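In case you want the letters, here they are:
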Amino acid sequence: MKYEPVDFDRLLGTSGFSDKLLKDHFTLYQGYVANTNKLYESEHSEDKRRFGWEFNGMRLHEYYFGNMVKDGPEGKGNDLSIKISENFGTEKSWEESFKNIGKIRGIGWALLSYDPLGDRLFNIWVNEHDGGNLTGSVPLLVMDLFEHAYLADYGLKREGYVAAFLKAVDWRVVSERLEAATSRELESQNA
Ligand SMILES: [Fe+2]
């Protein structure tokens, strides 16, 4: 079975993101899909070691582009707003905490993740693609912090990129991800 790259051309024209940056980023993402397919078929142990890096590189980009929208932002769903307030005090303090993850030096990702077993939200830093993922947790909101995600448009001013990203978040998708994760959890409890 081969993974097929998802087409994210609908994002071209998103405010705060040049088409050139987005197109280059889509090409990079397609490289992760190709490498995931290639490594999947290999039995070499070094390729096995590398598989999670490529796979997560593919999947995190899909979550990332998937939680962006050109004509956003959409409002948060009720359940998501409540959960964020429960876990972070207020939505404002959640946002501050998420932005602070966005300031961490290095290449990686900022995630708002949901741990179904603990019924808890976390803002986390994932180093590169594979360091720091919380086992079993579900990424709700994903922000790319590799330099290729912003350098061409913002230079070293990562904060400008983070602000543009937060304006382009599709909260409807983020809310749906939480809904899907909580209903899966209920199903497994009732099984
Ligand atoms: Fe990226």
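Here is what the cut-offs are and how they apply
- Residues numbered from 1 in each chain as written.
- Predicted model: local features only at pLDDT ≥ 70, side-chain atom pairs only at ≥ 80, totals over all residues.
- Heavy atoms only, no water.
- Donors = N, O, S within 2.8 Å, 3.2 Å for Na, K, Ca; no water.
- Tetrahedral: all angles 85-135°; square planar, octahedral: opposite > 155°, others 65-115°.
- Helix = DSSP H or I, 4+ residues; strand = E, 2+ residues; numbered from the N terminus.
- Buried < 20%, exposed > 50% of the residue type's maximum accessible area, 1.4 Å probe, protein only.
- Contact = heavy atoms within 4.5 Å.
- Domains from an automatic or database assignment.
- Buried area = accessible area lost by both parts, 1.4 Å probe.
- Polar contact = N/O pair within 3.5 Å; in protein donor to acceptor, adjacent residues only side chain to side chain.

Around the iron ion, the protein contributes the donor atoms His25 (NE2), His61 (NE2), Asp144 (OD) and His148 (NE2), at 1.9 to 2.2 Å from the metal centre. If you look at the iron ion, its four donor atoms make angles of 87 to 136 degrees with each other, and the shape they trace is irregular. Written as a sequence motif, the donor residues of the iron ion are H-x35-H-x82-D-x3-H. Of this pair, His25 sits in helix H1 (residues 19-40) while His61 is found in helix H2 (residues 45-66), placing the two residues 36 residues apart along the sequence.

This part takes up the side chain of Asn37. The residue Asn37 is located in helix H1 in this model. Judged by its relative accessible area of 9%, Asn37 is buried. If we skip the residues at most four places from it in the chain, Asn37 touches Met1, Lys2 and Tyr3.

According to the domain assignment, the protein chain contains domain 1 (17-66) and domain 2 (78-190). On a C-alpha basis, the centroid separation for the pair domain 1 and domain 2 is 19 Å. Contacts between the two partners involve 15 residues from domain 1 and, on the opposite side, 21 residues from domain 2. With both sides pooled, the region where domain 1 packs onto domain 2 buries about 1700 Å², and carbon together with sulfur makes up 65% of that total. Counting the contacts that link domain 1 with domain 2 gives nine residue pairs in polar contact (both at pLDDT 80 or more). It is H2 that contributes the most residues to the side of domain 1 that touches domain 2, nine residues altogether.

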